[in-house]
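# Chain and residue survey
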Amino acid sequence: MSNEILNYDKVAEASLAKAKRDGAETMWDRKAAQKTQCGFGEAGVCCRICAMGPCRVSPVPGKGAERGICGANADTIVARNFARMIAGGASAHSDHARDIVHAMHATKAEGPFKIRDEAKLRRISAEWGIEGADTKETYALAHELAEMALGEFGKPFGTQRFLKRAPQARQDVWEREDIAPRAIDMEVTTLMHSTHMGCASDYESIFRRGMRTGMADGWGGSMIGTEFSDILYGTPTAKASSSNLGVIDKDQVNILIHGHDPNLAEMIVLAAENPEFIEMAKAKGAKGINIVGMCCTGNEMTMRHGIKIAGNFYQQEMCIITGAIEAVVVDVQCIFPALPALAKKYHTRFISTSEKAKIAGDMFIKFSEATGLDNANEIIKIAVENFPNRDASKVEIPDIKQDTLVGYSVEAIIDHLDKVVNTNTSDAMGTVKPLTDVIYAGVIRGAAGVVGCNNPKVEHDYAHVTVLKELIKRDVICVVTGCAAQAAAKAGLLTLEAKEMCGRGLKEVCERVNIPPVLHMGSCVDISRILHLVNLCADVKGIDPALLPVVGIAPEWMSEKAVAIANYVVGSGINTYLGIIPQVLGSPNFTKLMTEDCQEFLGAHFVFEKDPLVMVDKIMVDLEDKRTALGI
Ligand code: SF4
Ligand code: SF4
C-alpha cells in the first residue's frame, strides 16, 4: 500500500493503517495493483470502438504504427476518445437532471415531493415564456414547466432555453461556431454517432461536436438539474455545517448518503426527522440518527439542510473503515463498486437504490418518485436495526472536523451583496454589480471557480487547497463545488476566519459582505450556478464573459463529467486549468487545438499544469492580462 499521496491529509494515515489491520482493501491497494498504467491509454491513442480492433497507434509521430486498421490516425483516435468522455459526462449530468424534472412532474401539494420555492418556479416559468407564470395554480404551473423541461432533452428544433441567459456577445459566438446545443439527448447521441467507426475523422470537427455536447450539459442538463432542484427542495441560503470524518458520531446511528441525486436523499433527511425513528434508535441504544453526506449528494444536502460533510471522493472507503456507519445509501455516479465488499468487513449495510446504478454485493431497494418516502423509511429502519450489530472493537473515528459555511447559491450571494449597496445612489438592489465593481476597481483581481474530483495520481486535496490558498492570498475570490468544495471545507477555507489568509483587498470585501473568501456553491451540476454568476457579471458590463478576469480550475479531476464540465466552461469563454493532464497528448495537433487554437474561435482555451503553484502563477498572468485588455 502506498500512501505517500495522502501525506497532506491528517486523518488518512490512521485510516489506512486501520484498513490494513482490519484486512480491508482500499483504492490505494488497487492503484498499486495496477502497477504502471498503460502508456497508450494515457496518451489516448488506443481504440476499441470496432471489432477489427483493438488498435493502438504510436503516440510519437513518425515512429511505429501510425494508423489503426481502418486508417484512423492518432488525431482521430484521440479526438474520438475525448469526445466520448464528454458524451459520458454530459449524459450523467443530464440523466440526473431528467430525474429531478420527473420528480417535479410528480409533485403535489400534499407531498412528499412538493414545490418549496414557489417564487423560483414562477421566475423560471416566466424566463421560459410560460404565459400566466405569475398567476397560474402552483402545481399546474410546475407540471407545465416540467413538461417543457422534458422537451429540452429531445426537442426537434431550436436551441437550449437557458442559453439566453448569456450576454448577446457570447450567444453570437455560439451561433457563429455552431456550438449552441439543440437538445441534450440528441447532442449525446449525435456525438456517439460521429465517433462511431467510419464516421468523423477530422479532429477539429470532432472537437467542435464535443464542445456542443458539453454545452448541452452546462447550459442544459446541469442548469436544469440545479434550477429545478432549487424549486423542488429550496434555493440554498448561507448556513453552518461541519466537515471531515469526525462528523461521524459514535453515539448515533450513522447513515452515509453518497452519490448525486437529491431526490432520494431529501426523502431520507425527511424520514430521519420522524420522532418514531428517533425513539426506535434510542431503544437500540443510540442517541439519535446522524445523516452524513459524501460527494455531491452530500453537497446537495449540506447546501439546503446543513447536513454534515463526511468527506470527498477519496474518503468514501475511509468512512466505512471507521466501523461506525450503519448504512451507506447510494444513488448514482462516483460510487466505488468496491464498497459492498468493504462494508462486509464491518457491520455496514450497503444499499443501492437506482436501476441505473445497481451495485452488486449487498442490498438493492428500488427508489421511485411514487415510493420515495416509503423507500427512505425502509432504509432508516434497516440502519437503526443494524446499530446493535456494530462491533465496538472496530470503531475508530478520527477526531477531526472543521466548521464550515455553505449554501452560497447565486441568490444567496446576491443577498449578501445587497448589504453593501448604498441606497442613496442609483444602484439597484438584487444584482451582482457590487461584485463587478470591486473586480473592476481592482480591490479583487479576479475570480476563480475551483471544481472537480480527487484522483489517486496526485496527493489528495493538496492541489485543491494549494490553489485556493494561493489565489485568495493574491486577492482572487474563489467559488467551489463538488469534491473541491469539500476539500476547501476540510481545510477551513469555508469560514469567515479564512479572511485572515487573504490579501488586503479580498479581506476587506469578505469583512464588508460578511462572507468567506471561498464560497461553496454546491454540487457538480451546480457549476451551472457559477456559469450563471459569471454571465450576470458580464451582463452588468455588457461584455462577453470571455473578457472578464475569471478562470475555471479542476486541480484533481478524474471523471468523464469533469471533462464535459471543462468543455462547457471553455465554450462559455472561460479559460480552464486542468491539474491532471487529459489523455490527449498522443495527438500534438489535438492538444494544440485545445490549449491554443480554440482561443481563436471560442475566446478561451484549456491549460494543462500539474504543479499547483506554477498553475497559480499562470492564472495570475492570465487574470492581469484580461484586466489590462479591459483597461482596468
Ligand atoms: S475504429 Fe479503426 S482504429 Fe478503432 S478499433 Fe476499429 S479499426 Fe481500430
Ligand atoms: S467532483 Fe468528481 S468525484 Fe466528486 S462527486 Fe463530482 S464528479 Fe464525483
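Since we're looking at a predicted model, the values are computed, not measured.

Moving on, we come to the site of ligand 2. Neighbouring ligand 2 are the residues H260, C295, C296, F313, C334, G452, C453, C483, C524, M558, S559 and K561. Its residues placed into classes, the shell around ligand 2 shows 8 nonpolar, 3 polar and 1 charged. Shared between two domains, the shell around ligand 2 takes at least three residues from each, and those domains are domain 3 (245–394) and domain 4 (402–630).

By size, the foremost hydrophobic cluster in this structure holds 174 residues, and its most contacted members are F207, F228, I289, L471 and I553. In terms of residue count, helix α4 (residues 74–105) provides more of this core than any other element does, 15 residues in total. If sequence neighbours within four positions are ignored, I289 has contacts with Q252, V253, I255, A272, F277, I278, A281, I380 and V384. Residues I320, A324, L342 and I359 belong to the second largest nonpolar core, which totals 34 residues.

Further remarks concern the site of ligand 1. All residues adjacent to ligand 1 are C47, I49, C50, M52, G53, C55, G68, I69, C70, R80 and M197. With respect to the detected pockets, ligand 1 is housed in the largest cavity. Split by residue class, the shell around ligand 1 holds 8 nonpolar, 2 polar and 1 charged.

Right, let's get into the packing of aromatic side chains. Taken as a whole and judged by the stated rule, the model has 9 aromatic pairs. Summarising the aromatic geometry, the rings of F82 and F590 are spaced 5.6 Å apart at their centres and angled 65° between planes, so their arrangement reads as edge-to-face. Here F590 lies in helix α23 (residues 588–602) and F82 lies in helix α4, a separation of 508 residues in the sequence. Accessibility classification places F82 together with F590 in one group, the buried group. With centroids separated by 6.5 Å and ring planes inclined at 80°, the aromatic side chains of F82 and F606 adopt a geometry described as edge-to-face.

This paragraph deals with the side chain of K155. Summarising the element assignment, K155 is placed in the loop between α6 (138–154) and α7 (168–176). Look at K155 and you get buried, because its relative accessible area is 13%. Beyond its immediate stretch of four places on either side in the chain, K155 contacts Q160, R161, R182 and A183.

Looking now at the pattern of salt bridges. Summed over all chains, the structure comprises 45 salt bridges. Among the ionic pairs, R122 bridges to E118, the shortest N-O distance being 2.8 Å. With R122 and E118 both in helix α5 (residues 118–127), this residue pair falls 4 residues apart, about one helical turn. Relative accessible area serves as the criterion here: at 17%, R122 is assigned to the buried category. The class for E118 is partly exposed, based on a relative accessible area of 34%. Across the pair E177 and R208 runs a salt bridge, and its minimum N-O distance is 2.7 Å. With a gap of 31 residues between them, E177 in the loop between α7 and α8 (184–194) and R208 in helix α9 (residues 203–233) connect regions that are remote in the sequence. According to the relative accessible area criterion, E177 is buried, its value standing at 12%. On the basis of relative accessibility, which here comes to 23%, the residue R208 falls in the partly exposed class. What you see here is one network of salt bridges that share partners, running through K120, R123, E127, R165, E227, D230, E300, R304, E411, D526 and R529.

The next subject is the domain arrangement of the protein chain. Here the domain parsing of the protein chain yields domain 1 (37–65), domain 2 (74–233), domain 3 (245–394) and domain 4 (402–630). If you average the C-alpha positions of domain 2 and of domain 4, the two centres end up 23 Å apart. Listed by partner, the interface residues are 42 residues for domain 2 and 41 residues for domain 4. In this structure, E411 engages K120 in a salt bridge whose closest nitrogen and oxygen atoms are separated by 2.7 Å.

Cut-offs applied
- Residues numbered from 1 in each chain as written.
- Chains lettered and ligands numbered in written order.
- Predicted model: local features only at pLDDT ≥ 70, side-chain atom pairs only at ≥ 80, totals over all residues.
- Heavy atoms only, no water.
- Near = heavy atom within 4 Å.
- Nonpolar A, V, L, I, M, F, W, Y, C, P; charged D, E, K, R; others polar.
- Domains from an automatic or database assignment.
- Core = buried A, V, L, I, M, F, W, Y, C linked by side-chain atoms within 4.5 Å.
- Buried < 20%, exposed > 50% of the residue type's maximum accessible area, 1.4 Å probe, protein only.
- Helix = DSSP H or I, 4+ residues; strand = E, 2+ residues; numbered from the N terminus.
- Contact = heavy atoms within 4.5 Å.
- 1 Å grid on protein atoms, 1.4 Å probe; cavity = no way out; pocket = protein on both sides within 12 Å on 5 of 7 lines; lining within 4 Å.
- Sits in = over half its atoms within 2 Å of the grid points.
- Phe/Tyr/Trp six-rings, centres within 6.5 Å; stacked < 30°, edge-to-face > 60°.
- Salt bridge = Lys/Arg side-chain N within 4 Å of Asp/Glu carboxyl O.

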